[in-house]
Each structure stands twice: as structure tokens, then as C-alpha cells.
Amino acid sequence: MRGRDPDYGDVQGLVRFGYRRMKEASYALLRVRNVEAARAWLASTPVASAAATDPRPPTAVHVAFTAAGLEALGVPAAVRAGFSPEFLAGMTEESRSRRLGDVGPNAPSRWAWGGPGFVPHVLVMLFAEPGRLGGLVRGLTGAAWTDAFEALEWLESGDLRGAEPFGFADGISQPQLDWKQERDVGAGRVEYGNVVALGEFLLGYRNEYGRYTDRPLLDAGAATASLPAAEDAPEKKDLGRNGTYLVLRQLRQDVRGLWQFLLAQSCGDFAKAERLGAALLGRRRSGEPLTLDRPEAAPGAASEPDPERLNRFTYEDDPAGARCPIGAHIRRANPRNANYVGRPSKLGRLLADLGFGRRGLSDDLTSSVRFHRILRRGRSYGPWLDPEGAAEPAPPGDPERGLHFACLNANISRQFEFVQNAWMASTKFSGLTGESDPIVGNREPIPGCPVTDGFTLPQEGGLPRRLSGMPRFVTVRGGAYFFLPGLRALRFIAGAS
Ligand code: HEM
């Protein structure tokens with residue numbers, strides 16, 4: 001199978017494209033009102049594939065389902081049982097909420113959607129070039145739509161100039177999918193690399209372990225004839241192939257809270273406040289990573305950061321976090337090392353596998369990052385607010401701002417949940433204690449760790465500075481796990497009976 005193009009025509013385009021030119025977006029969270037009508041709408045709606053076309057289409061439609069949605073559409077229980085346990089249990093299962101940090105003000109009982117009684121069945125994502133979204137929505141939401149669905153929520157995205165609402169350039173670091181499956185996944189990896197096995201992001205292909213992630217494999221027969229065969233079990237039909245899981249979370253951002261905190265810590269000096277903000281994120285507002293050690297880089301959000309240049313780094317030459325704090329958001333989200341960093345010989349790798357020669361506390365938690373990558377497809381919402389404007393008190397009726405965080409992964413527990421739990425929410429990370437992610441941490445006390453609101457800023461050649469009493473800047477407002485099927489699987493689901 002190596003060296004061959006995958007079946008782009010069967011993969012939803014969102015896996016391959018970020019749709020940067022389609023600056024307008026709107027997501028409908030739907031419940032099925034009438035099963036037959038819903039199936040008819042799903043069967044007839046043109047969903048964008050990952051095949052490249054010239055000219056590029058000006059709009060794109062994508063469709064995904066929760067486990068409750070597959071049930072509502074009549075997908076048999078025996079078929080649904082083949083999906084992953086975390087997808088079937090959903091994002092709000094109690095112990096999962098604890099692990100994801102969805103407690104206190106983040107608890108699902110307080111969510112606008114996705115909490116008890118408000119779990120969507122279907123997610124329809126609409127993307128459009130400027131000026132085209134209204135027409136796309138009108139064209140899709142006619143009588144057939146109204147018969148089929150009731151809308152739980154419409155999530156409207158705003159275009160925030162390539163920066164997320166706190167004002168930092170976003171969408172820079174992404175794993176590169178090994179579409180042609182050219183990388184030898186079985187061989188391990190000595191250094192950090194950005195190319196990741198296709199099976200980490202699409203079901204039905206080999207993942208970073210050289211294995212196939214579990215997904216529903218069905219008996220061949222008339223009903224399943226249109227589905228692709230399973231690569232690892234050719235006598236079976238693969239409902240997962242070319243599909244993936246989509247994690248969607250609505251994250252409210254307290255933009256004023258962040259900038260007022262940064263300014264208070266910097267005695268009102270705006271340049272200092274920007275530097276402190278960059279330390280929390282790990283990148284300057286322009287997207288420039290702190291590890292590159294280019295203090296002359298001008299602050300201010302860049303219009304078009306060059307992702308290639310801004311991603312060529314690891315933290316190998318900054319082990320103590322003097323340039324980029326160890327707890328900075330991007331360093332927690334992707335610690336960028338590999339299984340066998342600095343151990344190129346076979347003996348070195350064997351010793352590492354046996355647990356010898358660990359260089360520090362960080363090794364355990366941050367090794368093997370290639371098993372924990374996510375493909376982010378989030379979009380901001382709410383009106384833009386400059387950091388300068390954010391220093392002012394909120395006027396009455398100040399609108400909500402935030403991120404419709406979306407990421408794709410073939411294994412929710414090993415990818416999204418691991419990143420969110422072990423790296424972001426954990427109060428013990430890489431030798432740090434009493435702090436969690438400075439941006440998304442919920443600051444709630446946890447058993448055995450009553451203090452979670454610190455942040456350590458190592459200083460080159462000096463004692464680390466420790467911030468305490470960090471406010472919560474991000475609150476979860478909704479969320480759910482979805483299955484984003486391949487297009488043949490989508491038609492199978494639309495015809496389920
Ligand atoms: C409102 C909440 C969040 C904000 C404001 C935010 C902001 C950012 C920014 C500015 C970057 C750097 C630019 C880039 O590489 O795209 C970034 C990177 C990243 N974020 Fe977040 N983020 C948020 C939530 C999350 C969550 C919940 C996760 C995962 C559970 C996450 C995972 C990542 C990852 C994996 C990277 C790339 C790290 C790297 O490879 O260097 N983020 N985020």
C-alpha cells in the first residue's frame with residue numbers, strides 16, 4: 001500500500017484542508033426530528049471530499065455524527081459497538097469530565113450544548129469564501145432540512161485575522177499526514193519529526209504502532225457492498241475507513257481577563273505584558289516561537305505567518321525552559337521530542353526501552369509525542385478586541401468571545417484526551433507541580449494538589465520567577481465527540497435501516 005495516493009475522493013475534505021480562504025463558517029448542531037427525512041437529506045447533500053479540484057470550490061459542507069446520532073438514525077447496535085469506547089460513552093461521562101478538567105465552572109451541567117439533555121445527533125459544518133455563507137445556509141436549510149432536524153444550536157464563527165481572540169497567531173503547528181504511507185512506522189524514530197502515520201488521523205490505515213485502530217468491520221453482503229474492504233481483514237467491510245473522530249469544544253475566552261492580568265503583573269507596561277503573554281503561550285503574538293530566541297522580532301499579530309519556518313524547532317537546547325517555559329501552552333500541547341532522543345544507537349534504544357539512562361523527570365511524560373498528535377481545525381468566534389481595548393473594563397452586554405476548538409484524531413483517548421489530560425490539565429508535568437496549562441487550565445483544586453494556579457517562568461542564569469493566583473482565562477461552554485465518516489460510509493449511514 002506504500003507510495004500510493006489514498007482515496008481522496010472518499011475522505012471528507014476537512015481532513016486535508018483547513019479552508020483558510022473560506023473565512024466564513026457556521027456549524028449546526030442538530031437533533032433528528034424525522035429519521036426518514038434526515039436520511040434523505042444526508043443522502044442528497046453534497047459533502048466536500050479531499051480530492052483537489054481546479055478551480056477550488058468556494059464553499060464546503062461537512063457532516064459528522066455523535067454516537068446518539070448514529071442510534072437515532074437507526075444504525076444497528078451491533079454496528080455501533082465497533083466504534084471506540086470513548087466515542088460511544090461521549091465527552092460528558094463522569095470520570096471523563098474529571099480527567100478533561102470539565103468540573104466546577106467547566107462542568108457539562110452548565111454547558112450551552114452537549115450537556116445532559118442537549119447532546120446533538122448531527123453536526124453540519126459549513127465553510128464559505130467571504131460573502132457566500134448566507135447563500136449556502138439558505139440553500140441547505142429548506143423544507144427538507146426542517147422536516148429532518150431541529151437545531152439545538154448554531155455556532156457562528158468569526159474571522160479573526162489569523163489570530164485567536166487573545167491576539168496570538170493561530171493555526172501554525174500542525175502534524176503533516178503521511179498520505180502516501182511512505183514512512184516506515186515500525187522502525188521507531190530517533191528524532192522529533194512532524195510527518196505522522198496516516199492511521200493516526202484516518203481509520204482503516206496503519207497508525208504509528210504499525211497497527212489498525214479498532215473500528216466497525218462488517219460482514220460482506222448486499223447491504224455493505226458499497227463500503228471499502230478492510231485493509232487488514234479483506235473479507236470484511238470497513239465502516240471506519242477514510243473516516244475519523246472529530247472533537248468539538250466551545251471554549252469561552254476571557255480576553256479582558258487575560259490582558260488585565262498581564263498588565264497588572266507588568267506594572268501597566270504594555271511591552272512587558274506582551275512578553276509575559278508570549279511566555280504563557282510559548283510564541284510571540286506574531287507566531288514567532290520563543291525557542292528561536294529572536295528578541296528583535298516585532299510584537300503584534302502577523303497577517304500571514306510562515307508555518308514551515310515557524311515550526312522548525314525542538315526544545316532540546318532549552319531543557320530548563322529558560323527561553324520557552326516548560327509549562328507554556330505550546331510546550332505542554334506538543335513537547336516535541338521523540339522516543340529515543342539522543343540515543344541513535346541500537347544499544348542506546350534498547351537501554352531506553354528498559355528504562356535506563358533517563359535524563360530527567362520530563363522523559364516519562366513527554367516521550368513518544370508521535371502517538372499524541374492532533375490535527376486542529378478550530379475557528380474563533382465573537383467580535384475582535386485589541387489587547388489595548390481589552391485593558392478597558394467590559395461595557396454592559398460585552399459579547400462572548402472564544403474558540404470553537406475542533407480537532408481530528410483516529411484515537412480520541414490516546415490523542416485528544418491524552419493531550420488534554422496528561423499534558424494540559426495535569427498539575428504534575430515535566431517536573432512542574434501546582435500548575436496546569438496557563439491558557440486552558442481550570443485552576444480547580446484536585447485531590448492531592450490543592451494549588452493549581454501557579455506558573456513557573458525560568459530565567460536565564462537566575463532563579464525562576466513563580467506567578468501565583470492565575471485567574472481562569474478559558475471556560476468550557478459545550479462539547480461532544482463526533483464520527484466524521486468517509487463518504488461511502490456516510491451514504492451507508494444515510495441508508496441505515
Ligand atoms: C481557547 C483555548 C486555546 C487557545 C487560545 C489556544 C491557542 C493556541 C495558540 C496561539 C497556539 C500557537 C499557534 C499554533 O501553533 O497554532 C496553539 C498551539 C497549540 N494548541 Fe492551543 N489553544 C487553545 C486550546 C487548546 C486545546 C484545548 C488543545 C488540546 C487539547 C490545544 C492544543 C494545541 C496544540 C497541539 C498546539 C500546537 C503545539 C505545537 O505543535 O507546537 N490548544 N494554541
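Each value, and the rule that gives it
Residues numbered from 1 in each chain as written. Predicted model: local features only at pLDDT ≥ 70, side-chain atom pairs only at ≥ 80, totals over all residues. Heavy atoms only, no water. Helix = DSSP H or I, 4+ residues; strand = E, 2+ residues; numbered from the N terminus. Buried < 20%, exposed > 50% of the residue type's maximum accessible area, 1.4 Å probe, protein only. Contact = heavy atoms within 4.5 Å. Near = heavy atom within 4 Å. Polar contact = N/O pair within 3.5 Å; in protein donor to acceptor, adjacent residues only side chain to side chain. Nonpolar A, V, L, I, M, F, W, Y, C, P; charged D, E, K, R; others polar. Pairing = 2+ DSSP bridges. Lys, Arg positive; Asp, Glu negative; His and termini not counted. Salt bridge = Lys/Arg side-chain N within 4 Å of Asp/Glu carboxyl O. Donors = N, O, S within 2.8 Å, 3.2 Å for Na, K, Ca; no water.

Before we move on, can you summarise the overall build of the protein with the specific residues and values?
Per the secondary structure count, the protein includes 16 helices and 17 strands. Among the 497 residues that make up the protein, the fraction classed as buried is 55%. Taking contacts inside the protein between residues at least 6 apart in sequence as the whole, the part at least 24 apart equals 72%.

Just give me the short version of the environment of phenylalanine 149, but keep the residues and values in it.
Within the secondary structure layout, phenylalanine 149 lies in strand S4 (residues 149-156). According to the relative accessible area criterion, phenylalanine 149 is buried, its value standing at 2%. Sequence separation between phenylalanine 149 and leucine 30 is 119 residues, and the spatial gap between their C-alpha atoms is 6.0 Å. Look past the residues within four positions of phenylalanine 149 in its chain and what remains in contact with it is Leu30, Arg31, Val32, Arg33, Ala38, Trp41 and Val122.

Any details on the site of the ligand? Residues and values, ideally.
Close to the ligand lie 28 residues, the nearest being Gly171, Ile172, Ser173, His329 and Arg336. A distance of 2.8 Å separates an oxygen atom of the ligand from a polar backbone atom of glycine 171. Here serine 173 contributes a side-chain N or O atom positioned 2.5 Å from an oxygen atom of the ligand. For the shell around the ligand, the elements supplying multiple residues, two or more each, are strand S9 (244-253), helix H11 (329-333), strand S12 (402-409) and helix H15 (413-425). The element best represented in the shell around the ligand is H15, accounting for 4 residues. Of the residues that constitute the shell around the ligand, the class distribution is 17 nonpolar, 6 polar and 5 charged.

Break down the pairing of strand S1 (residues 24-32) for me, citing the residues and quoting the values.
With 7 of 9 residues buried, S1 lies mostly within the body of the structure. When S1 meets S4, the two strands line up antiparallel, connected through 7 bridges. Of the residues in S4, the one forming a bridge with tyrosine 27 is leucine 155.

Could you give me a rundown of the side chain of aspartate 178, with the residues and numbers involved?
Secondary-structure assignment places aspartate 178 in strand S5 (residues 176-178). Lacking a salt bridge, the buried aspartate 178 has arginine 183 as its closest oppositely charged neighbour, with an N-O distance of 5.1 Å. Within the structure, the side chain of aspartate 178 is placed 3.0 Å from the backbone nitrogen of glutamate 182, a separation counted as a polar contact. Setting aside chain neighbours within four positions, we find aspartate 178 in contact with Arg183, Val195, Val196, Ala197 and Leu198.

Go over the environment of arginine 80, please, and point to the residues and values.
When you line up the elements, arginine 80 lands in helix H3 (residues 77-80). Overall, the relative accessible area of 17% leaves arginine 80 in the buried class. Separated by 135 residues in sequence, arginine 80 and arginine 215 place their C-alpha atoms 9.1 Å apart. Look past the residues within four positions of arginine 80 in its chain and what remains in contact with it is Ala67, Leu70, Glu71, Val75 and Leu88.

Run through unusual backbone geometry, naming residues and quoting values.
Omega for the bond connecting aspartate 54 with proline 55 falls within 30 degrees of zero, at 0 degrees, which places this linkage in the cis form. Although it is not a glycine, asparagine 242 adopts a positive phi angle of roughly 70 degrees. Along the chain, asparagine 242 turns up in the loop between strand S8 (236-238) and S9. Since its relative accessible area comes to 2%, asparagine 242 is described here as buried.

For the coordination of the iron atom of the ligand, give the residues involved together with the corresponding values.
Tetrahedral coordination by four donors puts the ideal angle at the metal at 109.5 degrees, and octahedral coordination by six puts it at 90 or 180 degrees. Looking at the iron atom of the ligand, one finds just one donor atom contributed by the protein, His329 (NE2), at 2.1 Å. With respect to the helices, strands and loops of the structure, histidine 329 is situated in helix H11.

Requested: an account of the pattern of salt bridges, with residues and values cited.
Under the definition given, this model contains 24 salt bridges. Linking arginine 249 and aspartate 102 is a salt bridge whose minimum nitrogen-to-oxygen distance equals 2.8 Å. Separated by 147 residues along the polypeptide, arginine 249 in strand S9 and aspartate 102 in the loop between helix H5 (94-100) and strand S3 (122-128) bring together distant segments of the chain. You'll find arginine 249 and aspartate 102 in the same group, each marked buried. A salt bridge links arginine 256 to aspartate 398, with the shortest nitrogen-to-oxygen separation between them at 2.7 Å. Of the two residues, arginine 256 is situated in helix H8 (residues 255-265) and aspartate 398 in the loop between helix H14 (387-390) and S12; the sequence distance between them amounts to 142 residues. A residue is classified by how much of its surface remains accessible, and arginine 256, at 10% relative accessible area, is buried. Several salt bridges converge on common partners, so that one network encompasses Asp7, Asp10 and Arg488.

Let's hear about the environment of tyrosine 481: which residues, and what values?
Topologically, tyrosine 481 is positioned in strand S17 (residues 474-484). Looking at tyrosine 481, its side chain comes within polar contact range of the side chain of glutamate 417, at 2.5 Å.

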